[in-house]
Amino acid sequence: MSKYHSIIRYPSITEKNTALRSDQNKFVFEVAKTASKADIKEAVQKLFSVDVEAVNTMIVKGKEKRMGRHSGYRSDWKKAIVKVKAGQNIAKFGEV
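Note that the structure is a prediction, hence the values are computed from the model and not measured. (Residues numbered from 1 in each chain as written. Predicted model: local features only at pLDDT ≥ 70, side-chain atom pairs only at ≥ 80, totals over all residues. Heavy atoms only, no water.)

**Q** How do you make sense of the side chain of K78 when you look at a structure like this?
**A** Among the structural elements, K78 can be located in strand β6 (residues 77-84). Here K78 is buried and forms no salt bridge, its nearest opposite-charge partner D39 lying at an N-O distance of 8.0 Å. A polar contact is formed between the side chain of K78 and the backbone oxygen of A35, at a distance of 2.6 Å. When sequence neighbours within four positions are dropped, the list of residues in contact with K78 reads F29, E30, V31, A32, K33, A35, T57, M58 and I59. (Helix = DSSP H or I, 4+ residues; strand = E, 2+ residues; numbered from the N terminus. Buried < 20%, exposed > 50% of the residue type's maximum accessible area, 1.4 Å probe, protein only. Lys, Arg positive; Asp, Glu negative; His and termini not counted. Salt bridge = Lys/Arg side-chain N within 4 Å of Asp/Glu carboxyl O. Polar contact = N/O pair within 3.5 Å; in protein donor to acceptor, adjacent residues only side chain to side chain. Contact = heavy atoms within 4.5 Å.)

**Q** Would you take a moment to explain the nonpolar core for this structure?
**A** Among soluble globular proteins, nonpolar side chains are generally buried collectively. Formed by 19 residues in total, the largest nonpolar core has its most connected members in I8, F29, I40, V44, V82 and I90. Elements that contribute at least two residues to this core include exactly α1 (3-7), β2 (26-31), α3 (37-48), β3 (52-60) and β6. For I40, the contacting residues outside a window of four places in its chain are I7, I8, V31, A35, V55, T57, A80 and V82. (Core = buried A, V, L, I, M, F, W, Y, C linked by side-chain atoms within 4.5 Å.)

What follows is the structure, encoded as structure tokens:
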């Protein structure tokens, strides 16, 4: 597994993210918590052969989950919103 695959964990495919993709040419990924914006930009450019204009990141807090009377928390994770140059697309992103 290359270092780029360890930075980009997987794409986040939801209704809101699909709308972002079609309206603003932005793609959403779950990334490694330790990855910087520069690391994410480099990984997306190398893995998908596109030009990245901007990268926005945020830490998503884990939700509380219950199993019967026991409760715990999901892990926190990092989300990256990557804006790609106009006219470019990431192939097979969100296709079923």
